[in-house]
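Here's the letter readout for the chains.
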Amino acid sequence: MKQAIELIINGETHDLIVTPNVTLQEAIREQIGLKGTKAGCEMGTCGACTVLLGDKPILSCITLAVECQGKEITTIEGLSEGPTLSNMQKAFVRAGAVQCGFCTPGVILSGTALLKKNPQPNVSDIKKALEGNLCRCTGYNSIIEAVLDASDPSAPQQDQEKKL
Amino acid sequence: MICWLEKISGGLLNSKTMKLSQFDHKTPTSKKEVVDLLITSGQDSAILAGGTDLIPNMKNGILMPKTLVSLKHLSAQKEHITKNGSLKLDAVSTLSQIAESPLIKEKAPSLAQAAFHVGGQQIRNRATLGGNLCQESRCLYLNQSHDFQFVEACYKRAGDCCYPFPDGGRICRAVFMSDMAPVLITLGARLVVLTSHGERQVDIADFYTGDGLKPMNLDPNELITSVLIPLESQKMQCRFIKATPRGGLEFAMVSIAVALTLDKRDKKCSKALIAVGSINTKPLRALEAEKKLTGSLLKPSNVLEVSKKAANEIKPLPHHGYSRGYLSQLVEVYIKRSLIDIIKAVDNKNGNQIVGKGVKP
């Protein structure tokens, strides 16, 4: 049975009519048309579909759209302001942490959520926060560098554990 | 032959891979209402808490409920100490909440550790304690889309065979993979279950059946509402170690939970509980090893003996490509490591140094 739901995506309210079996990812990609959220494994393993529900990263492929009624959701499109990239996105460009780019939206959202909670993470904090995002290209080193780069500039340079 | 081909092509044409089939979605606002809805919806209903286990299983076609009863309107009560000293956790608390709670870190550190090691960040933000305890058991054959397997369904999919254990009798040997369950077993936790005629409490040690087809002693119309950890367990030395192939985002190869009551001078062990998860159709206790440990001094030479004993008595099911021998070895090594870790912590507290002489942690 179809239901009317309201999702607040990147600050904008969207009214959708969905059946309960539509996942959040399908709603975001197919109904709202924001294609930055990727459909990877669609089984909750790879993290490509990561979005922020409130402040917290979740997997949109295994979350039902109807479960998010009235909730605030941030997708990768919500991080940049027009052509201006967010700090994390700029750091990814600087570090060359993007290769094929399929995992990148998810990784950037997980990293952004980490820095919000812990502005000065060390390498093991970053590894733990990004464990739910699989990347098959970069080998993760450049990604970790990018997240360190984007972390609070007033923080002391953390080069302990530089050898990953 | 033609019939077989038709079956396959028909299967493929009909398969909507990775799309969920239709179901009803109910959103009750109280626990009582959840149970009432489960009763009226009958056998074909399932409880949706975080959905991190249920929804992949529905996509794989292992479960096909007609009605999902969502717990999204039940807000988690904050963990607290009850009048009789038990630590009470709400079953809808997310694993992130458990991993980060200062009270749980203080009173049941191994539980916070176990929660911290489940899945990835995104999973922990959605997955709940109750859901983790009631997750489906797993098997390399089962946790794939059936549409591409071109074989008859197995017992768990209501078929008539078992692929990993073809000669094993008519039982499902999928492995129960919860990390929280072995920890709660060592902490002697009790589950509060809401039924149609009121609440009942179950000792978590009696909660798992060991039958892959019905891993839990829980009727379809019952709901776990909270978990109680008794006062005496909160004073135990407890550890949790999870062996995974690559550190994060994995189900365990073996997960070990240990809880010891040590006497005042922290040397003699008066009570010991060792539970091993992800190794069989239910979490197993190492009873012989516990007996050996109880009443004896906690020292490295004893630890070696105890971990050998545990490896001998715990019978692993080879799962996900790991052999029996390898899993037994993991049990031995990880029990040894967790006990050595306790000795180290106790030594640090007392200012001694006995580990390191002849024992590699």
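Residues numbered from 1 in each chain as written. Chains lettered and ligands numbered in written order. Predicted model: local features only at pLDDT ≥ 70, side-chain atom pairs only at ≥ 80, totals over all residues.

A. Quick peek at the overall build of chain B. The helix and strand inventory of chain B stands at 12 helices and 12 strands. In terms of overall dimensions, chain B has C-alpha extents of about 70 × 50 × 35 Å along its principal axes. Burial analysis of chain B (361 residues in total) assigns 47% to the buried set. Considering only intrachain contacts with a sequence separation of at least 6, the fraction spanning at least 24 residues in chain B is 65%. (Helix = DSSP H or I, 4+ residues; strand = E, 2+ residues; numbered from the N terminus. Buried ≥ 20, exposed ≤ 12 C-beta atoms within 10 Å, placed from the backbone. Contact = placed C-beta atoms within 7 Å.)

B. Examining the interface of chain A and chain B more closely. Contacts between the two partners involve 23 residues from chain A, matched on the other side by 23 residues from chain B. Those elements that place two or more of their residues in the side of chain A that touches chain B are strand E4 (56-59) and helix H4 (123-129) of chain A. Looking at the side of chain A that touches chain B, the element that brings in the most residues is E4 of chain A, giving four residues. A class-by-class count of the residues in the side of chain A that touches chain B yields 10 nonpolar, eight polar and five charged. (Nonpolar A, V, L, I, M, F, W, Y, C, P; charged D, E, K, R; others polar.)

C. Local environment of the pairing of strand E2 (residues 45-48) of chain B. Residues and elements named next belong to chain B. What you see with E2 is no split at all: Ser-45 and Ile-47 on one side and Ala-46 and Leu-48 on the other are buried throughout. Bridge analysis of E2 against strand E3 (residues 67-70) gives four bridges, and the strand direction is parallel. What sits directly across from Ala-46, in E3, is Leu-68. Between E2 and its parallel partner E3, the chain crosses via helix H3 (residues 54-60), and the hand of that crossover is right-handed. (Pairing = 2+ DSSP bridges. Right-handed = clockwise from strand over helix to strand, strands pointing away.)

D. Summary view of the environment of Leu-103 of chain B. Residue and element names in this part refer to chain B. Looking at the secondary structure, you find Leu-103 in helix H5 (residues 102-107). Since 14 C-beta atoms lie within 10 Å of it, Leu-103 is described here as partly exposed. For the pair Leu-103 and Glu-79, spaced 24 residues apart in sequence, the C-alpha separation works out to 7.6 Å.

E. Just the packing of helix H3 (residues 104-117) of chain A against helix H5 (residues 141-150) of chain A, in detail. All names here are of chain A. Where H3 meets H5, the axes come as close as 11 Å, and the angle between the chain directions of the two elements is 40°. As H3 packs across H5, the resulting crossing turns out to be right-handed. Each of Val-107, Gly-111, Leu-114 and Leu-115 in H3 lies in contact with H5, whose residues at this interface are Ile-143, Val-147 and Ala-150. When its residues are assigned to classes, the contact of H3 with H5 shows six nonpolar, one polar and no charged. (Axes fitted to C-alpha atoms, helices over the stretch in contact; angles between N-to-C directions. Left-handed = near helix turned anticlockwise from the far one by under 90°.)

F. Molecular detail of the sheet that holds strand E1 (residues 24-26) of chain B. Residues and elements named next belong to chain B. Strand order in the open sheet formed by three strands is E1-E3-E2, and the pairing between neighbours is parallel. Each edge of the open sheet is held by one strand with a lone partner, namely E1 and E2. Put simply, the sheet's adjacent strands are angled 25° from each other on average, direction ignored. Lying over the sheet, helix H2 (residues 31-41) contacts E1, E2 and E3, oriented at roughly 175° with respect to E3.

G. The arrangement of the confidence of the model for chain A in detail. Residues and elements named next belong to chain A. Here chain A averages 92 in pLDDT, and 93% of its residues register 70 or above. When the elements of chain A are averaged for pLDDT, H4 gives the smallest value, 95, and strand E3 (residues 50-53) the largest, 98. Here residues 158-164 is a poorly scored stretch, pLDDT under 50, and it has nine contacts once near neighbours within four places are set aside; other chains count. (pLDDT = per-residue confidence, 0-100.)

H. Structural detail: the sheet that holds strand E11 (residues 269-277) of chain B. Residue and element names in this part refer to chain B. With antiparallel pairing, the four strands of this open sheet are ordered in space as E9-E10-E11-E12. On the outer flanks of this sheet lie strand E9 (237-243) and strand E12 (284-285), each paired with one strand and no other. Looking at chain direction, E9 and strand E10 (residues 254-262) are connected through seven bridges and run antiparallel. Counterpart to Ala-243 in the pairing with E10 is Val-254.

I. Spotlight on the pairing of strand E8 (residues 223-229) of chain B. Residues and elements named next belong to chain B. Counting buried residues in E8 gives six out of seven residues, a clear majority hidden from the surface. Where strand E5 (residues 87-90) and E8 come together, four bridges link them in antiparallel fashion. What sits directly across from Lys-88, in E8, is Leu-228. Relative to E8, strand E6 (residues 190-195) runs antiparallel, the two being bridged by five bridges.

J. Structural detail: the domain arrangement of chain A. Residue and element names in this part refer to chain A. Each assigned domain of chain A is listed here: domain 1 (3-76) and domain 2 (87-150). Residue-level contacts link 15 residues of domain 1 with 12 residues of domain 2. Put simply, the parts of the chain that give the side of domain 1 that touches domain 2 at least two residues each are E3 and E4. Here the side of domain 1 that touches domain 2 gets three residues from one element, more than from any other, and that element is E3. Looking at the side of domain 1 that touches domain 2 residue by residue, the classes come out as seven nonpolar, five polar and three charged. (Domains from an automatic or database assignment.)

K. Main features of the environment of Glu-30 of chain A. The residue Glu-30 of chain A is located in helix H1 (residues 24-32) in this model. A sequence separation of 75 residues divides Glu-30 of chain A from Pro-105 of chain A, and the C-alpha atoms of the two residues are 17 Å apart.

L. Focus on the packing of helix H2 (residues 87-95) of chain A against H3 of chain A. Residue and element names in this part refer to chain A. Where H2 meets H3, the closest approach of the two axes is 10 Å, and the angle between their N-to-C directions is 125°. Between H2 and H3, the angle is such that the two are oblique. The chirality of how H2 crosses H3 is right-handed. Taken together, the residues of H3 that come into contact with H2 (itself represented by Met-88, Gln-89 and Phe-92) are Thr-104, Ile-108, Gly-111 and Thr-112. Split by residue class, the contact of H2 with H3 holds three nonpolar, four polar and no charged. (Parallel < 35°, antiparallel > 145°, perpendicular 65-115°, else oblique.)

M. Representation of the nonpolar core in the model. In this structure, Leu-111, Val-254 and Val-331 of chain B are the most contacted members of the largest nonpolar core, which totals 148 residues. Ranked by residue count, the leading element in this core is helix H12 (residues 324-350) of chain B, at nine residues. Counting only domains with at least three residues in this core, you end up with domain 1 (3-76) and domain 2 (87-150) of chain A. (Core = buried A, V, L, I, M, F, W, Y, C linked by C-beta atoms within 7 Å.)

N. Up close: the environment of Thr-27 of chain B. All names here are of chain B. Secondary-structure assignment places Thr-27 in the loop between E1 and H2. Each C-alpha atom of the pair Thr-27 and Ser-70 lies 5.1 Å from the other, and the pair is 43 residues apart in sequence. Setting aside chain neighbours within four positions, we find Thr-27 in contact with Ser-70, Lys-72 and His-73.

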